[in-house]
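Understanding the architecture of this molecule
Given next are the chains, with one letter for each unit.
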Amino acid sequence: RPMPTAGRLAAAVALAILGGYVAFMLIPKFEEGTVPSFWYPLCVGAAIWAGWVVVGKRAGRGYSAAIGNGITGTLAWVFWVVFIVAFMDMINKSMRRSYDGPVEAVVNVFEIMMEVAQELYDPTVIGVIAAGAIIVGIFSEFFAQRFP
């Protein structure tokens, strides 16, 4: 069971703030009326998880490692958000009997992930995510070293 530390808490809070901000930035990328109802909770919840488990777990190893930790945790967050959005889309399609079998549905999840990633691609958002990843890593490292 993971022990709570200042580094984990700082990473979870910082990545949650980044997740909420990026979720807000991406709203215009969705077609009108197609924003999933779970969009904000998903972005923030997945960010809290990635901050706590991925970034916070590795906090306390130095500032150069912290940048890599922040990038790794942020990439994990992005992956899970895109995967869950694609998975929920696949579930909705399967409820409408759009697939011939379960294998087709599972394969389609990865195709939907590529579509979602392409739809949400924006250089400004990528820049915010990249800068935010570095800040998250440094922020968590700062608290991990000050409050071990």
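Here's what I pulled together on the structure shown here. Because the structure is predicted, anything quoted here is derived from the model rather than measured. (Residues numbered from 1 in each chain as written. Predicted model: local features only at pLDDT ≥ 70, side-chain atom pairs only at ≥ 80, totals over all residues. Heavy atoms only, no water.)

Once that is clear, we can look at helix 3 (residues 63-95). For helix 3, which comprises 33 residues, the first-to-last C-alpha distance of 48 Å matches the rise-based estimate of 48 Å (1.5 Å per residue) to within 8%. In the core, the buried residues of helix 3 are packed alongside helix 1 (6-26), helix 2 (39-58), helix 4 (102-120) and helix 5 (123-146). Positive phi shows up at Arg97, right after helix 3, with a value of about 55°. (Helix = DSSP H or I, 4+ residues; strand = E, 2+ residues; numbered from the N terminus. Expected span 1.5 Å × (residues − 1). Contact = heavy atoms within 4.5 Å.)

For the rest of this paragraph, the subject is the packing of helix 2 against helix 3. At their nearest, the axes of helix 2 and helix 3 sit 8 Å apart, and the two run at 145° to each other. Once helix 2 is placed against helix 3, the crossing between them reads as right-handed. Taking contact as the criterion, the partners of Trp39, Leu42, Cys43, Ala46, Ala47, Trp49, Ala50, Val54, Val55 and Arg58 in helix 2 are, on helix 3, Asn69, Gly70, Thr72, Gly73, Ala76, Trp77, Trp80, Val81, Ile84 and Val85. (Axes fitted to C-alpha atoms, helices over the stretch in contact; angles between N-to-C directions. Left-handed = near helix turned anticlockwise from the far one by under 90°.)

Turning next to unusual backbone geometry. Residues other than glycine seldom take positive phi values, yet Arg97 does so here, at roughly 55°. Within the fold, Arg97 resides in the loop between helix 3 and helix 4.

What follows covers the pattern of salt bridges. This structure, assessed with the given rule, holds 1 salt bridge. The partner of Asp89 in a salt bridge is Lys93, and the shortest N-O contact between them spans 3.9 Å. In this pair, Asp89 and Lys93 both sit in helix 3, 4 residues apart, roughly one turn of the helix. For Asp89, a relative accessible area of 28% puts it in the partly exposed group. Exposure remark for Lys93: the relative accessible area of 23% places this residue in the partly exposed category. (Salt bridge = Lys/Arg side-chain N within 4 Å of Asp/Glu carboxyl O. Buried < 20%, exposed > 50% of the residue type's maximum accessible area, 1.4 Å probe, protein only.)

For the rest of this paragraph, the subject is the environment of Ala117. Of note, Ala117 is situated in helix 4. A C-alpha to C-alpha distance of 9.4 Å links Ala117 and Phe79, two positions 38 residues apart in sequence.

Inspection of every chain in the model, using the stated rule, returns 9 aromatic pairs. Both rings, one in Phe30 and one in Trp39, keep their centres 4.9 Å apart while their planes meet at 75°; by these two values the pair is edge-to-face. Arranged with centres 5.2 Å apart and planes meeting at 80°, the rings of Phe79 and Trp80 form a pair that is edge-to-face. (Phe/Tyr/Trp six-rings, centres within 6.5 Å; stacked < 30°, edge-to-face > 60°.)

Once that is clear, we can look at the side chain of Asn108. Within the secondary structure layout, Asn108 lies in helix 4. Contacts of Asn108, omitting those with residues within four sequence positions, involve Lys93 and Tyr99.

What follows concerns the packing of helix 1 against helix 3. Pairs of packed helices are described in terms of their axes, by the angle between the two and the distance that separates them. Where helix 1 contacts helix 3, the axes come no closer than 12 Å and their chain directions differ by 45°. With respect to their mutual orientation, helix 1 and helix 3 come out oblique. Classified by chirality, the crossing of helix 3 by helix 1 is right-handed. Together, Leu15, Leu18, Gly19 and Val22 of helix 1 and Gly73, Thr74 and Trp77 of helix 3 make up the contact between the two elements. The residue inventory of the contact of helix 1 with helix 3, partitioned by class, reads 4 nonpolar, 3 polar and no charged. (Parallel < 35°, antiparallel > 145°, perpendicular 65-115°, else oblique. Nonpolar A, V, L, I, M, F, W, Y, C, P; charged D, E, K, R; others polar.)

As a further point, take a negative patch on the surface. Together, Glu31, Asp100, Glu104, Glu111, Glu115 and Glu119 make up a negatively charged patch on the protein surface. Relative to the helices and strands, Glu119 resides in helix 4. (Patch = residues over 30% accessible without salt bridge, like charges linked within 9 Å, V, L, I, M, F, W, Y side chains within 5 Å. Areas by Shrake-Rupley, 256 points an atom, 1.4 Å probe, with all protein chains shown as cover. Lys, Arg positive; Asp, Glu negative; His and termini not counted. Charge placed at Lys NZ, Arg CZ, Asp CG, Glu CD.)

All we've got here are geometric facts, nothing functional implied.
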